Amino acid sequence: MKKDKHRQIYYKMINITSPHSSWIMEKDQDKPESKKANELAYQALIEFREQFAQLKPDTAYQVSYNHGHYIKNLLHIRREFEQQYYTNVCNEISKLLFQNKAIFLQPRIYYNILKTLDKYL
Amino acid sequence: MAFLDFIRRKKPLSKMESMNSNGFGETMNNVRWFLGHETENDSKIRIIDFVMEVVREDLKTDLLSSILYRRRHDAKWINPLMPSCFYDEVGKEITLQDIQIQGAAIKEVDLSVDCILAVPWHFISYVDAIRTIGTNDFVNESNHRVCYFKELELSCVKGGNHSIGAGVVYKKGHVKAKEISIKEMFPHVYTNGFHWFNQHTKEKLAKVLDFRISLLYELAKMKEELLRANLVNQ
């Protein structure tokens with residue numbers, strides 16, 4: 001039952017970012033379609049932030065084998081935010097959710113995602 | 001040699017040890033990879049700052065939630081954060097207390113913003129403190145003892161864990177902390193995520209209680225080197 005709920009949350013969140021996931025290359029950034037996609041991705045990220053803030057983080061702290069793995073995802077997210085490639089950010093967030101499917105609501109990951117989104121949005 | 005020691009072990013690694021080995025090495029490798037793609041020192045420092053912030057948040061949320069959700073008095077004890085003494089190149093012993101006395105600055109720590117590691121180790125006392133601070137203002141009591149590690153931007157509670165922990169939960173109040181600069185320790189101590197080592201003799205100094213502390217230490221050390229390089233360039 002709990003697993004089903006978690007899975008529902010996962011699909012709900014990933015469905016916000018994954019339609020806007022793509023890679024903007026430096027050479028493509030001035031193309032009008034890339035600019036439009038980037039704007040849409042930015043809106044999707046704002047929506048994602050709103051929805052994500054309403055979720056409740058896990059109560060039990062889970063020790064996972066790849067404890068520090070999410071830091072790598074966050075570093076990628078940060079790098080794309082710095083370059084303002086929001087479609088890439090959507091891609092990296094989707095990747096983070098997918099790679100940490102069972103643990104993305106752990107407080108360590110949850111609050112760090114929120115903090116990063118607050119910082120750049 | 002470390003690998004041979006590892007395969008000779010009869011006892012399987014504990015959960016914390018496997019987390020230690022994986023978390024430290026993987027994160028340091030990732031940080032090095034990202035730093036390798038930057039050319040300017042300032043951008044490298046910004047990356048290190050970001051990772052340090054992430055690790056501090058990780059530690060803070062872990063420590064505060066562990067007692068509430070486990071409902072047993074087995075909170076993770078992370079004190080002392082680092083070895084209480086280390087040795088310089090001629091073998092002279094320097095204690096953390098020596099550094100503390102030299103500095104003796106007082107820092108005002110804001111419980112709503114700053115990262116403060118409180119370990120509320122007794123469930124009932126913690127619930128009492130949460131009840132009291134939820135309805136009243138945060139009061140600085142005589143048992144509050146806090147150390148602020150300047151380079152790690154991290155405060156560690158030595159006394160008053162429950163009330164300060166509750167203050168962090170409600171994000172209200174300030175505490176006064178003794179400021180300690182561990183800059184002096186950097187050339188003499190290094191860590192591999194399992195143990196603290198003497199840089200000169202490669203001898204073990206102490207066991208790392210939580211890999212995230214050693215991670216913060218090594219990142220602060222890297223940041224310090226970059227800051228020093230910036231100064232030299234200017």
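Residues numbered from 1 in each chain as written. Chains lettered and ligands numbered in written order. Predicted model: local features only at pLDDT ≥ 70, side-chain atom pairs only at ≥ 80, totals over all residues. Heavy atoms only, no water.

> Whenever I open this one, the overall build of chain B confuses me. Can you help?
The helix and strand inventory of chain B stands at seven helices and 10 strands. Each of the 234 residues in chain B was classed as buried or not, and the buried ones make up 50%. Across chain B, the fraction of contacts at a sequence separation of at least 24, relative to all contacts at a separation of at least 6, is 73%. As displayed, chain B offers around 12100 Å² of accessible surface, 52% of which is attributable to carbon and sulfur atoms. (Helix = DSSP H or I, 4+ residues; strand = E, 2+ residues; numbered from the N terminus. Buried < 20%, exposed > 50% of the residue type's maximum accessible area, 1.4 Å probe, protein only. Contact = heavy atoms within 4.5 Å. Areas by Shrake-Rupley, 256 points an atom, 1.4 Å probe, with all protein chains shown as cover.)

> Before we go on, may I ask you to explain helix H5 (residues 107-120) of chain A in this structure?
Residues spaced three or four apart along an α-helix point in a common direction, a consequence of the helix completing one turn every 3.6 residues. Residues and elements named next belong to chain A. Under the 1.5 Å per step criterion, the end-to-end length of H5 is 20 Å for 14 residues, consistent within 8% with the ideal 20 Å. Buried residues dominate H5, accounting for 10 of its 14 residues. Every buried residue of H5 is accounted for by Pro-107, Arg-108, Ile-109, Tyr-110, Asn-112, Ile-113, Leu-114, Thr-116, Leu-117 and Tyr-120. (Expected span 1.5 Å × (residues − 1).)

> I tried to follow the interface of chain B and chain A on my own but got confused; where do I start?
The extent of an interface is frequently quoted as the accessible surface area lost upon association of the parts. Taken together, the 25 residues of chain B in the interface contact 25 residues of chain A. Overall, the association of chain B and chain A removes approximately 2400 Å² of surface from exposure, summing both partners, and the carbon and sulfur fraction of that is 64%. Linking chain B with chain A are two salt bridges. For Lys115(A), the salt bridge goes to Glu53(B), with nearest N and O atoms at 4.0 Å. For the pair chain B and chain A, the interface holds four residue pairs in polar contact (both at pLDDT 80 or more). Looking at the side of chain B that touches chain A, the element that brings in the most residues is helix H3 (residues 41-70) of chain B, giving 13 residues. Of the residues assigned to the side of chain B that touches chain A, the class counts are 10 nonpolar, seven polar and eight charged. (Buried area = accessible area lost by both parts, 1.4 Å probe. Salt bridge = Lys/Arg side-chain N within 4 Å of Asp/Glu carboxyl O. Polar contact = N/O pair within 3.5 Å; in protein donor to acceptor, adjacent residues only side chain to side chain. Nonpolar A, V, L, I, M, F, W, Y, C, P; charged D, E, K, R; others polar.)

> Mind showing me how you'd approach the side chain of Asp88(B) here?
If you trace the backbone, Asp88(B) turns up in the loop between strand S1 (85-87) and strand S2 (93-95). Those residues within four positions of Asp88(B) in sequence are excluded, and the remaining contacts are Ile94(B), His188(B) and His200(B).

> Explain the sheet that holds strand S8 (residues 189-191) of chain B to me, please; I cannot follow it from the model alone.
Within a sheet, adjacent strands bond to each other through the backbone by hydrogen bonds, running parallel or antiparallel. Residues and elements named next belong to chain B. Strands sit in the order S8-S9-S10 across an open sheet of three strands; the sheet is antiparallel. Each edge of the sheet is formed by a strand with only one pairing partner; in this case those strands are S8 and strand S10 (204-207). Averaged over neighbouring strand pairs, the angle between their axes works out to 25° when direction is ignored. Taken together, the three bridges between S8 and strand S9 (residues 195-198) define a ladder with antiparallel strand orientation. Residue pairing in the sheet places Tyr-190 in a bridge with Phe-197 of S9. Packed onto the sheet, helix H7 (residues 211-233) meets S8 and S9 and runs at close to 125° relative to S8. (Pairing = 2+ DSSP bridges. Axes fitted to C-alpha atoms, helices over the stretch in contact; angles between N-to-C directions.)

> What is the right way to read the packing of helix H2 (residues 32-54) of chain A against H5(A) from this model?
Geometry of a packed helix pair, given as the angle between the helix axes and the separation of the axes. All names here are of chain A. In contact at an axis separation of 11 Å, H2 and H5 are set at 145° when each is read in the N-to-C sense. When the axes of H2 and H5 are compared, the crossing they make is left-handed. In this structure, H2 contributes Phe-48, Arg-49, Phe-52, Ala-53 and Gln-54 to the contact, and H5 contributes Tyr-110, Ile-113, Leu-114, Leu-117 and Asp-118. When the residues that make up the contact of H2 with H5 are grouped by side-chain class, the tally is seven nonpolar, one polar and two charged. (Left-handed = near helix turned anticlockwise from the far one by under 90°.)

> Sorry if this is basic, but what is going on with unusual backbone geometry here?
Apart from glycine, the bulk of residues carry a negative phi angle, and the bulk of peptide bonds sit in the trans form. Notably, Gln84(A) is not glycine yet its phi reads approximately 60°, a positive angle. One non-glycine residue, Glu153(B), adopts positive backbone phi at about 50°. Classification of Glu153(B) as partly exposed rests on a relative accessible area of 32%.

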